[in-house]
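Structural description and commentary
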Amino acid sequence: MRHSMPSWGTSPTSAVHGVPGCTAAPGPWSAHQPSPQASEPYPADSDEEVVPASAHPWERPLLALAVTVTLALTAVLLRLVWSVSGSLLWTALALVTVPLVCWSARGLRYARERAESVRISPTQFPEAYRVVGSLARDMGLARRPEAYVRPGPVSVRADAAAHGLRRYLVLPDAVFDDHGLPRDREALAFLVAHQVGHLAAGHTGYWRRVATLGADLVPGLGSALSRACEYTADNHAHAHVPEGAHGVRLYAGGPTLYRRVNLGEMAARAHTDRGCSLLLYHLLSRHPGNTRRMAALRDRDRRGRVFL
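Heads up: these notes are all about the structure in this document. (Residues numbered from 1 in each chain as written. Predicted model: local features only at pLDDT ≥ 70, side-chain atom pairs only at ≥ 80, totals over all residues. Heavy atoms only, no water.)

Scanning the chain for helices and strands turns up eleven helices and four strands. Here the chain holds 308 residues, and 48% of them are scored as buried. When contacts within the chain are restricted to residue pairs at least 6 apart in sequence, long-range pairs at least 24 apart make up 71% of them. (Helix = DSSP H or I, 4+ residues; strand = E, 2+ residues; numbered from the N terminus. Buried < 20%, exposed > 50% of the residue type's maximum accessible area, 1.4 Å probe, protein only. Contact = heavy atoms within 4.5 Å.)

Next up, the structure:
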């Protein structure tokens with residue numbers, strides 16, 4: 001199967017796929033306006049083939065357990081409210097309060113990006129605009145997600161989220177140079193593919209979030225589900241930008257030192273570093289440790305380690 005990836009050349013309507021710059025003819029960086037066909041939603045007659053990516057084997061079992069825990073805690077909460085108040089009205093209010101709070105929190109989070117962040121567009125970070133649109137189309141999204149740039153370290157600011165019918169992702173300014181151009185084209189494409197992978201896998205859905213809120217109250221359960229989702233997003237990214245997997249070094253070395261990070265050496269430490277405190281850290285972290293994530297990307301015959 002042919003990998004599909006965005007073009008980094010000067011043609012704004014190109015849908016070349018593969019690693020950025022590998023299949024497209026080289027050309028100068030361009031801020032040309034894309035054609036109307038590139039706007040959202042995508043053309044109905046697009047014949048691009050969606051490249052499949054597998055979910056991490058632990059994601060579905062953990063998701064089922066998280067939903068079960070949430071339902072059980074909801075039943076306990078409603079029972080408690082009913083026993084205290086004896087009122088059907090208060091019980092109904094307790095049932096809808098948490099979803100409303102979750103909706104409001106997601107709305108404020110989205111509003112923050114709209115109010116404070118730079119939105120990626122055909123005239124602002126046009127190269128990133130093209131790669132976001134192409135990857136979203138290749139992963140089967142019906143509409144182009146919005147994309148924003150915020151200052152801050154890559155490990156903090158890279159994100160994917162949703163509110164209502166809107167899907168959006170946030171990229172760190174660390175992946176761009178002082179002229180707004182990507183420091184590393186393949187690394188940027190991999191980072192974008194990872195975030196779009198979250199959207200394509202349904203990780204940002206509202207009802208999914210509501211249904212798994214209870215897992216965050218169980219030590220280790222919510223974080224384990226989050227780690228499995230991160231591996232799934234990496235699977236999506238690797239399916240579309242395998243040559244950009246070295247971009248994961250950005251999380252370890254930052255935008256200036258990541259080229260000095262030895263990916264193989266760090267990946268090997270995932271199998272040699274031991275210790276109770278290290279194990280506890282891995283169990284409580286919502287993201288796989290850099291060493292474990294690099295090991296999963298380097299050896300595709302092994303799934304990423306969620307627990308031990």
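The discussion continues.
Helix 7 (residues 221–240) packs onto helix 1 (residues 59–85) with a crossing angle of 145 degrees between their chain directions and a minimal axis gap of 9 Å. The interaxial crossing formed by helix 1 with helix 7 has left-handed handedness. Residue-level contacts link Glu59, Leu62, Leu63, Leu65, Ala66 and Val69 of helix 1 to Leu221, Ala224, Leu225, Ala228, Cys229 and Thr232 of helix 7. Looking at side-chain class alone, the contact of helix 1 with helix 7 contains ten nonpolar, one polar and one charged residues. (Axes fitted to C-alpha atoms, helices over the stretch in contact; angles between N-to-C directions. Left-handed = near helix turned anticlockwise from the far one by under 90°. Nonpolar A, V, L, I, M, F, W, Y, C, P; charged D, E, K, R; others polar.)

So, about the sheet that holds strand 2 (residues 146–150). Reading across from one edge, 1-2-4-3 is the order of the four strands in this open sheet, with mixed pairing throughout. Of all the strands in the sheet, the pair left with one neighbour each is strand 1 (118–119) and strand 3 (159–163). Those strands touched by helix 2 (residues 88–116) are strand 1, strand 2, strand 3 and strand 4 (166–172), and its axis lies near 115 degrees from that of strand 3. In the packing of helix 5 (residues 185–200) onto the sheet, the strands contacted are strand 3 and strand 4, and the crossing angle to strand 4 comes to about 150 degrees. (Pairing = 2+ DSSP bridges.)

For the rest of this paragraph, the subject is helix 3 (residues 126–138). Under the 1.5 Å per step criterion, the end-to-end length of helix 3 is 18 Å for 13 residues, consistent within 8% with the ideal 18 Å. Within helix 3, 13 of the 13 residues are buried, which leaves the element mostly enclosed by the surrounding structure. (Expected span 1.5 Å × (residues − 1).)

This part takes up the environment of Pro182. Mapped onto the elements of the fold, Pro182 is located in the loop between strand 4 and helix 5. By relative accessible area, which is 7% here, Pro182 ends up buried. When the C-alpha positions of Pro182 and Glu127 are compared, they lie 7.9 Å apart, and in sequence the two are 55 residues distant.

The next subject is the packing of helix 3 against helix 5. Following both chains from N to C, one finds helix 3 and helix 5 inclined at 45 degrees, their axes separated by 10 Å at the closest point. With respect to each other, helix 3 and helix 5 are oriented oblique. At the point where helix 3 passes helix 5, the crossing takes the right-handed sense. Here Ala128, Val131, Val132, Leu135 and Ala136 of helix 3 lie close against helix 5, whose contacting residues are Leu188, Ala189, Val192, Ala193 and Val196. Here the contact of helix 3 with helix 5 is built from residues that sort into ten nonpolar, no polar and no charged. (Parallel < 35°, antiparallel > 145°, perpendicular 65-115°, else oblique.)

Counted under the stated rule, the structure contains six aromatic pairs. Relative to Phe307, the ring of Trp58 lies with its centre 5.0 Å away and its plane at 80 degrees, an arrangement referred to as edge-to-face. Linking Trp58 in the segment before helix 1 with Phe307 in the segment after helix 11 (290–298), this pair joins segments that are 249 residues apart in sequence. For Phe307, a relative accessible area of 28% gives the class partly exposed. Consider the rings of Trp103 and Tyr206, whose centres lie 5.3 Å apart with planes at 85 degrees: the pair is edge-to-face. (Phe/Tyr/Trp six-rings, centres within 6.5 Å; stacked < 30°, edge-to-face > 60°.)

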